[in-house]
Amino acid sequence: MEAVVHLDEVTDVETRGGNVRYVVRDADGNEYTTFREAIGDAAAKLEGQRVRLEYHEEQRGQYNNVYLDKVEPAPAGAGSDTDPEEAAWRTAVDAAPWLVGESDPHAKTGPDELYETLKPFKDKVAEDIKEGEDQ
C-alpha cells in the first residue's frame, strides 16, 4: 500500500532483544514500524516533510501491525493541492454546470456572469480548505 503524508516524527526504540525498532508517525497519528536501519535513517532525514510511504499490514493475533517498506520525498503535487485557491477554482469549474443551472445548457453563459456565479462558490471552498488545514 502507499500513502502521501506529512512525516511528523521518527523515534527509535531498542527492543528487549537488542534490535532497534523505528516508529514513524504521520500528521494524522498513524504509526508505521520498521526494523531496517536504512529505512529508519531515511525517514529521520525526511522528518517534517511530505513523504510517500510504501507499507504493508499484518494481523498478529488481536494486533494489526503496519510495517514500513519504503520512504521517499513526495513528488511535487502528490497527495494534496498546495494552494487552496487553485484547488477551489478547480472545484468550482468542475461544478460549473450545476451552479449555472444545467448539466447540458442550451445557451452559452457569458464570462462575466459565469465568473460572478463561480466566485462565491470558489471562495467558500477555499475557506473550507484553509479551515481544514488549521485543524
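Per-chain numbering applies: the sequence of each chain, read as written, is numbered from 1 onward. pLDDT decides what is reported in this predicted model: residues at 70 or higher carry local features, side-chain atom pairs at 80 or more are listed and counted, and totals for whole chains, interfaces and linings draw on all residues regardless. Computation of side-chain values covers all heavy atoms of the structure but excludes hydrogens and water.

1. Concerning the nonpolar core
Here is step 1: Formed by 15 residues in total, the largest nonpolar core has its most connected members in Leu7, Val24, Tyr32, Val51, Leu53 and Val71.
Here is step 2: By definition in these notes, contact holds between two residues if any of their heavy atoms fall within 4.5 Å. Beyond its immediate chain neighbours, meaning those up to four positions away, Val51 contacts Ala3, Val4, Val5, Leu7, Leu46, Val71, Glu72, Pro73 and Ala74. Each nonpolar core is a collection of buried residues, namely Ala, Val, Leu, Ile, Met, Phe, Trp, Tyr and Cys, held together in the definition by side-chain atoms within 4.5 Å. Exposure is judged per residue with a 1.4 Å probe applied to protein chains only, and the accessible area is read against the type maximum: over 50% gives exposed, under 20% gives buried, and values in between give partly exposed.

2. Considering the pairing of strand S2 (residues 20-26)
Here is step 1: The pairing of strand S1 (residues 2-14) with S2 spans seven bridges and is classified as antiparallel. Looking at the pairing, Val13 lines up with Arg21 of S2.
Here is step 2: Pairing between strands is defined by DSSP: at least two bridges between the two strands are required. Working definition: helices are DSSP H or I runs of at least four residues, strands are E runs of at least two. Numbering for both runs from the N terminus. Here S1 folds back onto S2, and the loop between the two strands holds five residues, one of which, Gly18, carries a positive phi near 95 degrees.
Here is step 3: Bridge count for S2 against strand S3 (residues 31-34) is four bridges, and the pairing is antiparallel. Residue pairing in the sheet places Arg25 in a bridge with Glu31 of S3.
Here is step 4: Taken together, S2 and the strand that follows it, S3, pair antiparallel across an intervening segment of four residues, in which Gly29 is found at a positive phi of about 90 degrees.

3. Some words on helix H1 (residues 37-45)
An α-helical turn contains 3.6 residues, so a residue and the one three or four places further along point in the same direction.
Here is step 1: Turning to H1, its buried residues number three or more, namely Ile39, Gly40 and Ala43. Down the axis, H1 shows its buried residues gathered within 100 degrees of arc, on one side only. Across H1 from its buried face, at more than 90 degrees, point the exposed residues Glu37, Ala38 and Lys45.
Here is step 2: Buried residues in H1 make contact with S1, S2, S3 and strand S5 (63-73). Arc definition: directions from the helix axis to the C-beta atoms.

4. Quick look at the pattern of salt bridges
Here is step 1: Throughout this description, the term salt bridge denotes a Lys or Arg side-chain nitrogen within 4 Å of a carboxyl oxygen of Asp or Glu. Per the counting criterion, the structure on display carries ten salt bridges.
Here is step 2: We note a salt bridge from Arg52 to Glu2, for which the minimum N-O separation is 3.1 Å. Pair noted here: Arg52 is in strand S4 (residues 50-60) and Glu2 is in strand S1, with a separation of 50 residues, a long-range link.
Here is step 3: The class for Arg52 is buried, based on a relative accessible area of 14%.
Here is step 4: Arg36 is the partner of Asp69 in a salt bridge, and the nearest nitrogen-oxygen pair spans 3.6 Å. In this pair, Asp69 sits in strand S5 while Arg36 sits in the loop between S3 and H1, placing the two residues 33 residues apart along the sequence.

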